[in-house]
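# Remarks on the overall topology
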Amino acid sequence: MSTTPASPTASSVPVTAHSVAAPAATAQRELHALYRRVPNLGDYGSMTAIEERWILPKARAYEASAPRFGSAGELLQALKEFLSEEEAALPESATFLAEHATLDQFKVVVREFALDGLTESESLLPVVPRLPYRSAMAVFRVLIDELGCGNEEQAHSQLYRDLLTELGMSLRLDDYLDDTSPECYAYVNMFHWLASRAPSPQYFLGAYAYFETSVLYAFQSFARAARRLGIVHDAYYTEHLYIDSYHSNHMRTAIRALEEPDLAKIWAGVRLASDIVGEATETAIARARETVA
């Protein structure tokens, strides 16, 4: 399998005292800043130190405990069952958002995910050359849609800008750096790690196969809230509910196309994405409930 060079290990790169001492909340913001710039040697040490405390232990644990799948088909069937169970047990927060959140509360949730929405899928592009050709092309078809097929008005990041504009919110990424929760920073950072930093791109395949399918039920509460609140520019949510069924199929194709799939790493990606996306969503809605009267 063709991949780009793996990220350096913690033992091969200097680790700054600041990165070691940073608490989890500060670390996620620091990691986001590091991912946004061309790193120097010290930056690599800081990134690795944070990743070693945050996501790598989770990835290794899920990989070690993954079921012994006999084939990619068995894994995809397990993914289908996992998603069905998750959909059947949606948390109360989803009902709150869909049926009860005020406009101000909805704006808090929109704010929490602005770092992702304003840059959606841009961080995913580096995964393409890391994958074998047939798998990479299936993923690239997804990313082309995410970027509007060349039509900037239909790019998902532009749809988020349209939503922010209607809500009277800033379009400047830097305006959201101070208020975003650590969990929602982790949501953004996860995609960068999966595409560029994970030791294998197969983690990405599992995570994004999960994500593109889970959106079909997870975004229902967002779309229902936007419609109930009379928001005109709700296409960011409704477009995902339309297009992600196709994207789910493409991601399954990307997994089936692997000649030497590492099924444990793919499953670890599934579980990582489920955890991190779920924590971010719960935190965003909890903040809306707590900070808005």
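Looking up the protein chain in an unreviewed UniProt entry gives the name Iron-containing redox enzyme family protein, with the organism given as Streptomyces tanashiensis.

A few words on the overall build of the protein chain. Looking only at helices and strands, one finds 15 helices and zero strands in the protein chain. Scaling as 2.2 N^0.38, a compact globule of 293 residues should have a C-alpha radius of gyration of about 19 Å, and the protein chain matches this with 19 Å. If you line up the protein chain on its principal axes, its C-alpha atoms span 50 × 45 × 35 Å. Considering the protein chain as a whole, with its 293 residues, one finds that 51% of them fall into the buried category. Nonlocal contacts in the protein chain, meaning residues at least 24 apart in sequence, comprise 84% of its contacts between residues at least 6 apart. Approximately 12900 Å² of the protein chain is accessible, and the part contributed by carbon and sulfur atoms is 53%. When the 25 positive and 39 negative side-chain charges of the protein chain are each reduced to one mean point, those points stand 3 Å apart.

It is worth spelling out the environment of proline 199 at this point. Looking at where proline 199 falls in the secondary structure, it is placed in the loop between α11 (182-197) and α12 (202-218). The class for proline 199 is partly exposed, based on a relative accessible area of 43%. Sequence separation of proline 199 and phenylalanine 140 is 59 residues, and the distance between their C-alpha atoms is 20 Å.

Let us look at helix α13 (residues 220-228). One full turn of an α-helix is made of 3.6 residues, so residues set three or four places apart face in the same direction. Along α13, the residues that are buried comprise Ser221, Phe222, Ala223, Ala225 and Ala226. Trailing α13 by a residue or two, glycine 230 shows a phi angle of about 75 degrees, which is positive.

You can see serine 214 is positioned in helix α12. Those residues in contact with serine 214 that lie beyond four places of it in its chain are Leu83 and Glu86.

Positive phi outside glycine occurs at serine 121, with the angle close to 75 degrees. Locating serine 121 in the fold gives a position in the loop between α8 (114-117) and α9 (133-146). Given the relative accessible area of 6%, serine 121 is considered buried.

Another aspect to go through is the packing of aromatic side chains. A complete count under the given rule lists 19 aromatic pairs for this structure. Between the aromatic rings of phenylalanine 113 and tyrosine 187, the centroid separation amounts to 5.2 Å while the plane-to-plane angle is 70 degrees, which identifies the pairing as edge-to-face. Taken as a pair, phenylalanine 113 in the loop between α7 (103-112) and α8 and tyrosine 187 in helix α11 lie far apart in primary sequence, 74 residues in all. By relative accessible area, which is 10% here, phenylalanine 113 ends up buried. Summarising the aromatic geometry, the rings of tyrosine 208 and phenylalanine 211 are spaced 5.8 Å apart at their centres and angled 20 degrees between planes, so their arrangement reads as stacked. One end of the pair is tyrosine 208 and the other is phenylalanine 211, both in helix α12 and three residues apart, which spans about a single turn. An identical accessibility class is assigned to tyrosine 208 and phenylalanine 211; each is buried. Three or more aromatic residues joined by ring pairs make a cluster, and in this case those are Phe106, Phe113, Tyr160, Tyr187, Phe191, Phe204, Tyr208, Phe211, Phe219, Phe222, Tyr236 and Tyr237. The residue whose ring lies beneath arginine 289 is phenylalanine 96, and the NZ or CZ to ring-centre distance is 4.0 Å.

Tracing the backbone through its elements, the reader meets serine 248 in helix α14 (residues 235-256). Excluding residues within four positions of it along the chain, serine 248 makes contact with Glu212 and Thr213.

A word on the pattern of salt bridges. Here the structure, examined in full by the defined rule, presents twelve salt bridges. Of the charged contacts, one joins aspartate 174 and arginine 36 as a salt bridge, the two residues approaching to 3.5 Å between their closest N and O atoms. Placement of aspartate 174 in the loop between α10 (156-166) and α11 and of arginine 36 in the loop between α2 (24-35) and α3 (41-54) is noted, with a sequence separation of 138 residues between them. Connected through shared salt-bridge partners, Glu63, Asp262 and Lys265 make up one network.

What follows covers the packing of α3 against helix α4 (residues 56-64). Orientation of α3 relative to α4, taken along the N-to-C sense of each, is 45 degrees, at an axis distance of 4 Å. Between α3 and α4, the crossing angle belongs to the class labelled oblique. Residues Glu51, Glu52, Arg53 and Trp54 of α3 touch α4, and the partners they reach there are Leu56, Pro57, Lys58 and Arg60. The residue inventory of the contact of α3 with α4, partitioned by class, reads three nonpolar, no polar and five charged.

Our focus in this paragraph is a nonpolar patch on the surface. Side chains of Leu125, Phe140, Ile144 and Leu147 sit close together on the surface and give an oily, nonpolar patch of about 280 Å² of accessible area. Take leucine 147: it is sitting in the loop between α9 and α10.

With that settled, consider the nonpolar core. Counting 95 residues, the largest nonpolar core has Trp193 and Tyr237 as its most contacted members. Beyond its immediate chain neighbours, meaning those up to four positions away, tyrosine 237 contacts Phe106, Val110, Tyr160, Leu163, Phe219, Phe222, Ala223 and Ala226.

Okay, the packing of helix α5 (residues 72-88) against α12 next. Relative orientation of the contacting elements α5 and α12 amounts to 35 degrees, with a least axis distance of 10 Å. In terms of crossing hand, the pair formed by α5 and α12 is right-handed. Two secondary-structure elements touch here, α5 through Leu79, Phe82, Leu83, Glu86 and Glu87 and α12 through Ala209, Tyr210, Thr213, Ser214 and Tyr217. Partitioning the contact of α5 with α12 into residue classes produces six nonpolar, two polar and two charged.

The rules behind the values
- The residue count restarts for each chain, going from 1 along the sequence in the order it is written.
- Whole-chain, interface and lining totals are the exception, using all residues; otherwise, since this is a predicted model, local features are given only for residues with pLDDT of at least 70 and side-chain atom pairs are given and counted only at 80 or more.
- Heavy atoms throughout the structure, all of them, feed into the side-chain values; hydrogens and water do not.
- Numbering goes from the N terminus for both helices and strands, where a helix is a DSSP run of H or I of at least four residues and a strand is a run of E of at least two.
- It is over C-alpha atoms that the radius of gyration is taken, and the globule rule equals 2.2 Å times the number of residues to the power 0.38.
- Accessibility here uses a 1.4 Å probe with only protein chains present; expressed as a share of the type maximum, an area under 20% marks a residue as buried, one over 50% as exposed, and anything in between as partly exposed.
- By definition in these notes, contact holds between two residues if any of their heavy atoms fall within 4.5 Å.
- For every accessible area listed, the method is Shrake-Rupley and the probe measures 1.4 Å; residues are considered covered only by the protein chains on display.
- In this charge count, Lys and Arg are treated as positive and Asp and Glu as negative; neither His nor the chain ends contribute.
- For the purpose of locating charges, the reference atoms are NZ of Lys, CZ of Arg, CG of Asp and CD of Glu.
- Ring pairs shown here join Phe, Tyr and Trp side chains whose ring centres sit within 6.5 Å, with only the six-membered ring taken for Trp; geometry is labelled stacked below 30 degrees between planes, edge-to-face above 60, and tilted in between.
- Whether a charge lies above a ring is judged from NZ of Lys or CZ of Arg, which has to be within 6 Å of the ring centre and within 35 degrees of the ring normal.
- Any carboxyl oxygen of Asp or Glu within 4 Å of a side-chain nitrogen of Lys or Arg constitutes a salt bridge here.
- Lines fitted to C-alpha atoms define the axes here, with helix axes fitted over just the stretch in contact, and angles between the N-to-C directions of these axes take values from 0 to 180 degrees.
- Between 65 and 115 degrees an angle is taken as roughly perpendicular, under 35 as roughly parallel, over 145 as roughly antiparallel, and anywhere else as oblique.
- Three categories are distinguished: nonpolar for Ala, Val, Leu, Ile, Met, Phe, Trp, Tyr, Cys and Pro, charged for Asp, Glu, Lys and Arg, and polar for the others, with Gly belonging to the last.
- For patches, a residue must show more than 30% relative accessible area and have no salt bridge; joins then use 9 Å for like charges and 5 Å for nonpolar side chains, namely Val, Leu, Ile, Met, Phe, Trp and Tyr.
- Here the nonpolar core consists of buried residues drawn from Ala, Val, Leu, Ile, Met, Phe, Trp, Tyr and Cys, with membership extended through side-chain atoms lying within 4.5 Å.
- By the definition used in this description, the sense in which the near helix is turned from the far one sets the handedness, with an anticlockwise turn below a right angle giving left-handed and a clockwise turn giving right-handed.

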